[in-house]
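Commentary on secondary and tertiary structure
These are the residues of each chain, in order.
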Amino acid sequence: MIIRGGIVYDPANGIYGDEMDLFIDKGRMVESAKGEEIDARGLLVMPGGVDAHSHIAGKKVNTGRIMRPDDARLGTQPRTAVCRPSTGYTVPNCYAMGYRYARMGYTTAFEAATPILEARHTHEELEEIPIIDKGALTLFGNNWQVMECVRDKDLSKLAAYVAWGLCSARGYGVKIVNPGGGEAWGFGTNVKGINDAVPNFDVTPAEIIRGLAEANEMLRLPHSIHLHFNNLGKPGNYTTAIETLDMLKDIKPSRMRQVVHVAHMQFSAYGGTSWRDFESKAPVIADYFNCHSHATMDMGQLLFGSATTMTADAPLEYGNARLTHNKWSNHDIELEESSGVVPMAYFRKMLVNAVQWAIGLELALLVKDPWKVLMTTDHPNGSPFVNYPEVITLLMSRPKREAEMATLHDQVPKRTTLGSIEREMDWTDIAIMTRAAPARILGLEDKGHLGPGADGDVSVYDLRPEEVDTSQDHVLVKKSLATAKYTIKGGVVVSKEGQILATPPGRTFWVDAAVPQLEADRLMVDLEEKFARYYSVQMANYAVQDAYLPHGKAILAGLPILSEVA
Amino acid sequence: MRNITITPKSAFPISVEAENISPDKLAPLTLSQIKSLIVWQGNRQRTLSALFVIEGDDAPAKAEELTIRLSGDFSQVKRIAEGMTAGVVLVEGSVGMHAGNNMKGGLLSIAGNADDWLAREMRGGKVVVMGNAGNYLGGGYRGEKCGMRGGEIEVRGSAGAYLGEHLCGGSIRILGDAGDFPGAANQGGTIFIGGSAYLPGAEMSKGTITVKGEAKVLPSFQRLEIVQVDGLAFQKYAGDLVDNGKGELLVGVGSS
Amino acid sequence: MSEAIMIRDAVCSFCGCLCDDINVEVEDGKVSRVRHACRLGSSKIMGHGRMQNPMIRKDGVLVAASFPEAYDRAAEILLAASKPLLYGWASTSCEAAKKGILLAEEVGGVLDSTATVCHGPSVIGIEEKGLPGATLGQVKNRADTIVFWGCNPAEAHPRHSLRYSSNSCGKFTPQGREGRKIIVVDVRETRTSKNADKFMRIVPGSDYEVISALRMLIAGKGEILPDEVGGVQKADLADIAATLKSARFGAIFFGLGITHSRGRYKNIDNALSLVAELNSHTKFVIMPMRGHYNVGGIGQVLAWSSGYPMSVDFTRGAPYFNPGETAACDLLAKRDVDAALIIAADAVSNFPHATAEGLASIPVIQIDPYENPTTILSDVVIPCAIAGVEVEGTAYRMDGLALRLRKLVDSSLPSDEEILAGILESVHKLRQRKANEGA
């Protein structure tokens, strides 16, 4: 395939809007090739989008669907010769998930949080999502085995467990959500801060986070720990964010990347002491990110309208439900995690929501280096992913931001500095925040760029970057970004002007980390006891079997294999 | 004024979905165009004329000028008058499920009985049923907080279970008995039941339910005083207190 | 005589407990011994009378046919129908369910599961209020107070109390039964109630009011309650409410006694609200006691495929969900179905009479390992291999946990998945032929 004459943004390879031809052969980018020609002359071309934090598959997503037939009936589209039916807006069915990402020019999306025990379900759903490549992060922050290793300061056993857990779950990386709090929620309480001891376990969230960060680096995992802070969603929680990040700054990454990736930073950048004096602390957070290099973030942008909140931060969800008198699902997973699902809606005239909306944008605009900030909405918590073009145009256009701000609650300017920010992002910034940076942050070497050897995932938009004023013509920009002119996945045109042409299955990336046999054996003693006494399933039936990853791709990591120790 | 009469050509072994039979859809079309409108029968698409005889005035008009007369057995025809904003639909016999779904205005009059989900999610307009109505009269869609938000429904006979579930506005009047759980989860609106009711107003937070006949009242409703309405005595209750509801329930005193 | 093979930790494919600690001995390609399973599971795994050959009704009589003939005839029936119903699914694997959903989409039919006669009302309740739940291991490790409402696990889920609930021991529950309060709510005494610490007997059909009364008491608003609700004295209700409120971790398990008594989904709706409110005082979870081993699975698969967990109408190409209209019972009672495919469920035995009668006047395709009353009404009968005994596959436990069923012995019969794939192929073939003829 030849993609002719596009205006290419490939920041990972130092290409910032050069007119050039691109070549794909056997599913990969190459220096030169023949074949089908795509006319992209003068049009915006980027690598396929990479979504590093989204809730797309697994128990809590399906719970969202089951409890929301009111959502399923939105976005309903009948089957076609190529496509299965689509339903849902905030909780789309699996087919809609794949088609809608593809229509927007995205070719990779990662499920943000999977408990090991229920990973089989996640993989069943991932396999059902067409087109896009995927991966799933695995939850470790409330896990009994993890907490015991941390309590005993047994780092090598902890690393062995993380490797075993990733293998059992066929997971890609270490996800930590409200560490310690999920376990406390097992009896209906929560933790109040990173130094608050977890009931019954004699460890603190700070210790859990550090332990897992160290184990993560010991195993040389492609991604860093991916962290959802304690106290998320509470006024004044920005101090927890800074405190937590500071606690990790001395840890050395084992790869050329961050030590910690912060999930949906917006929800943890809050000032004030209550919802009454609630205000943005984005400038403080941004300042911290500007002065340190060990952390990255994704925005977690909130947009007005419907959402469905779903997170492993179960106590937060219970709080959400009580506050808004909404239906509430909860699911605690033995020995491992908790989770909750609550439908939500965000309103312009609700001061808190309006300030939350501003915070996400402030964070992205105030952090100078776009390689540190990913554009996300924590789908579907802040907004469904189909609304990414709205976020992008807000970042690129100050006039658009001003027009939006004029429709909000009138107290907003007092609670946020957004109105004073002049910065407008350009295509290089956007290409970094939606393609190059997520791939680098996740450690996906063949994604997010168009150099030789990269996966042949390319998006072409019906937009002339050399002619369009992204500040003034934001309506046109948003429309063009919503529907790619061409989305190419592995060298196949999967979507053209919004029509899905092909639905090849995507691959599921997971990490197979090696550890010394000695450590694995030591670990097994603990695990055998846990399965014998506490789990409600047998160890033999626990791990995800090969049958669930017919398109799996294992990435190797771990400690170098030494000669076996008898 | 434009008049159109539609008559089924035969009995329908499989139900027909005819959301196209609505004043807004038919008014701007000629008879010939109307005849080629699509209805669904299971997984088969059929033209209106394949299943129905369509007669009447040919000239296009506005919805508010149109009266559609449905003559014959429409009990297997669903979604009649769906979304109508104006005009009149007269059903001479009985009508199938979902008649008047999402109505916003106009009049839907049913001489016989109406099946389940009559006027689901109604917003405005008026529905009159001479016979009985089925379950979920003036109800909502599964999982939604609000069902009917406005308009008036009157049923001369009785109604099935779950009438006015999630009622947020408008009024429902049943002269006969209501089935189980009328007015569940109400957040507004008024319901009048001439006959009896079982556990009315479960989890209601606002609105008024009046039951002239006997009612089994939930233990979570607080008995207040006796009030007089149109010369009749009613026991007044506040509820549903399980959820600190501020609804009002009136139950007739002295059974018929 | 060859050596016996011992298979450990097999997953039982009978009820929603999905016990996965079953040890099975296989000799000469047959199951010879089953350990740890209850008598219900054992009986299934040991096996009993099976159908061996497909049959097609010709001139009123069922005669033997080949699998390809049966697939073709099934495809004919489904394609000729305006509104075919594809029903059952609860006793087969998720892999079969996926094919079934594809088939329902292709032929433009309605797909429903046995939830329609079981926990369908629970699903509707969840659509109102959500589901505050947990995995069974949480109950085992933490619950000191357990309520069984309208269910009788001693008979229907025999190993539930030992593995997951009343008699289980866990990290925070080392005393097992001794450290727990077990409450049973039912309309009559049962084997389960006989082993309870408290038995609250209620008047049939009064579940909703009793739950409302409990909610009032738990919220401290008991003064306005009458002296008796649902046949229970106020003092006894207050006692139960106090027990629930003082739990360290409470769990409510519920069954058909409450889903199918007067009020139906409103009962579950109210119970879900009760549990949500209890969570403001202490920790509480609730869980439906799913009957068939994979009714949970078809619900999950259907939800991620179509957006809805049951009663999905695909006739117009896009999924439409409206239980009360699109559920199997509704359609059959109104005779609004003109063909049926019944798989992994004995519809005729389990439906109410009026509903089962609806099957008598339409062509029926049965896919099942066993001959049963549905066979008598069928026009095409296709025997299948049994998931969990002869075929691998995925199933979802009553708490939503997915497990992989093992294959214990070989079978010459095709799996449900293979049969459905065969019917799909015949559907494509027939469509192609019609298109060529029409051209």
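Residues numbered from 1 in each chain as written. Chains lettered and ligands numbered in written order. Predicted model: local features only at pLDDT ≥ 70, side-chain atom pairs only at ≥ 80, totals over all residues. Heavy atoms only, no water.

**Focus: the state of the cysteines**
Summed over all chains, the structure comprises one disulfide over all chains. The disulfide bridge from B:Cys146 ends at B:Cys168, spanning 1.8 Å between sulfur atoms. Where B:Cys146 bonds to B:Cys168 through sulfur, the torsion about that S-S bond is close to -85°, and the disulfide is left-handed. Residue B:Cys146 is found in the loop between strand S10 (126-129) and strand S11 (152-155), and its partner B:Cys168 is found in the loop between S11 and strand S12 (171-174); the two are separated by 22 residues along the sequence. Given the relative accessible area of 15%, B:Cys146 is considered buried. Not part of a disulfide, C:Cys169 finds its nearest cysteine sulfur in C:Cys19, a span of 16 Å. (Disulfide = S-S within 2.5 Å. Helix = DSSP H or I, 4+ residues; strand = E, 2+ residues; numbered from the N terminus. Buried < 20%, exposed > 50% of the residue type's maximum accessible area, 1.4 Å probe, protein only.)

**Considerations on the sheet that holds strand S8 (residues 132-134) of chain C**
What links the strands of a sheet is backbone hydrogen bonding, and the strands pair in either a parallel or an antiparallel sense. Strands sit in the order S15(A)-S17(A)-S16(A)-S8(C) across an open sheet of four strands; the sheet is mixed. Of all strands in the sheet, those with a lone pairing partner are strand S15 (305-311) of chain A together with S8 of chain C, marking the two edges. For this sheet, the mean inter-axis angle between neighbouring strands, taken without regard to orientation, is 15°. As judged from the seven bridges shared by S15(A) and strand S17 (residues 337-346) of chain A, these two strands associate in the antiparallel manner. Within S17(A), the position partnered with A:Met310 by the bridge is A:Val341. (Pairing = 2+ DSSP bridges. Axes fitted to C-alpha atoms, helices over the stretch in contact; angles between N-to-C directions.)

**As for the sheet that holds strand S1 (residues 5-10) of chain C**
Residue and element names in this part refer to chain C. With antiparallel pairing, three strands are arranged side by side in an open sheet as S1-S2-S3. The sheet is open, and its two borders are formed by S1 and strand S3 (30-35), each paired with just one other strand. Strand after strand, the sheet turns through a mean of 25° between neighbouring axes, direction not considered. Contacts from helix H1 (residues 39-46) reach strand S2 (22-27) and S3, with the element oriented near 165° to S3. (Contact = heavy atoms within 4.5 Å.)

**Considerations on the interface of chain B and chain A**
Taken together, the contact pairs seven residues of chain B with seven residues of chain A. Interface area, chain B with chain A, both sides summed: about 510 Å², of which 41% is carbon and sulfur. Counting the contacts that link chain B with chain A gives two salt bridges. Close ionic contact of B:Glu144 with A:Arg73 constitutes a salt bridge, the shortest N to O distance being 2.9 Å. Taken together, the links from chain B to chain A amount to three residue pairs in polar contact (both at pLDDT 80 or more). (Buried area = accessible area lost by both parts, 1.4 Å probe. Salt bridge = Lys/Arg side-chain N within 4 Å of Asp/Glu carboxyl O. Polar contact = N/O pair within 3.5 Å; in protein donor to acceptor, adjacent residues only side chain to side chain.)

**Brief notes about the interface of chain C and chain A**
Taken together, the 63 residues of chain C in the interface contact 56 residues of chain A. Both faces considered, chain C and chain A share a buried interface measuring about 5,000 Å² in area, 52% of it formed by carbon and sulfur atoms. Counting the contacts that link chain C with chain A gives five salt bridges. Notably, a salt bridge pairs A:Asp332 with C:Lys283, separated by 2.6 Å at the nearest N-O pair. Counting across the chain C and chain A interface gives 38 residue pairs in polar contact (both at pLDDT 80 or more). Elements that contribute at least two residues to the side of chain C that touches chain A include exactly helix H3 (94-107), helix H4 (120-129), S8, helix H5 (136-142), helix H13 (295-306), strand S21 (393-396) and strand S22 (402-405) of chain C. Among the elements that make up the side of chain C that touches chain A, the one with the highest residue count is H3(C) (seven residues). For the side of chain C that touches chain A, a count of residues per class yields 25 nonpolar, 17 polar and 21 charged. Relative to S8(C), strand S16 (residues 329-333) of chain A is paired through three bridges, and the arrangement is parallel. (Nonpolar A, V, L, I, M, F, W, Y, C, P; charged D, E, K, R; others polar.)

**Looking at helix H10 (residues 234-245) of chain C**
Residues and elements named next belong to chain C. Here H10 contains twelve residues, and its C-alpha end-to-end distance of 16 Å stays within 8% of the 16 Å for a straight helix at 1.5 Å per residue. For H10, the set of buried residues is Leu237, Ile240, Ala241, Thr243 and Leu244. For H10, the angular spread of the buried residues around the axis is 160°, confining them to a single face. (Expected span 1.5 Å × (residues − 1). Arc of directions from axis to C-beta.)

**Concerning the pattern of salt bridges**
Residue and element names in this part refer to chain A. Applying the stated criterion to the full structure yields 77 salt bridges over all chains. Asp70 is the partner of Arg68 in a salt bridge, and the nearest nitrogen-oxygen pair spans 3.2 Å. Residue Arg68 is classed as buried on the basis of its relative accessible area, which comes to 9%. Glu519 serves as the salt-bridge partner of Arg522, at 2.8 Å between the closest nitrogen and oxygen. Residue Arg522 and its partner Glu519 are located together in helix H18 (residues 517-533), separated by three residues, close to a single helical turn. Taken together, the shared-partner salt bridges in this structure form one network comprising Arg28, Asp133, Asp446, Lys447, Asp455, Asp457, Lys489 and Arg507.

**Topic: the confidence of the model for chain B**
Taken as a whole, chain B shows an average pLDDT of 97; of its residues, 99% reach a score of 70 or greater. Complex prediction metrics read pTM 0.97 and ipTM 0.97. (pLDDT = per-residue confidence, 0-100.)

**Examining unusual backbone geometry**
In this model, A:His379 is joined to A:Pro380 through a cis peptide bond whose omega is -5°. If you trace the backbone, A:Pro380 turns up in the loop between strand S18 (373-374) and helix H13 (388-396). A cis amide bond, omega -5°, links B:Gly239 with the succeeding residue B:Asp240. Inspection of the secondary structure puts B:Asp240 in the loop between strand S18 (232-239) and strand S19 (247-252). Residues other than glycine seldom take positive phi values, yet A:Ile131 does so here, at roughly 75°. Considering the arrangement of structural elements, one finds A:Ile131 in the loop between helix H4 (119-128) and strand S8 (133-139). A residue is classified by how much of its surface remains accessible, and A:Ile131, at 0% relative accessible area, is buried. Positive phi is not limited to glycine here, since B:Arg79 has a value of about 65°. For B:Arg79, the position within the fold is in the loop between strand S7 (77-78) and strand S8 (88-91).

**Thoughts on the environment of A:Ile56**
Residues and elements named next belong to chain A. Inspection of the secondary structure puts Ile56 in the loop between strand S6 (49-54) and helix H1 (59-67). Judged by its relative accessible area of 0%, Ile56 falls in the buried class. A C-alpha to C-alpha distance of 15 Å links Ile56 and Ala263, two positions 207 residues apart in sequence. Filtering out sequence-adjacent residues up to four positions away, Ile56 remains in contact with Val61, Arg65, Met97, Tyr101, Ala109, Phe110, Glu111, Glu125, Leu126, Ile129 and His379.

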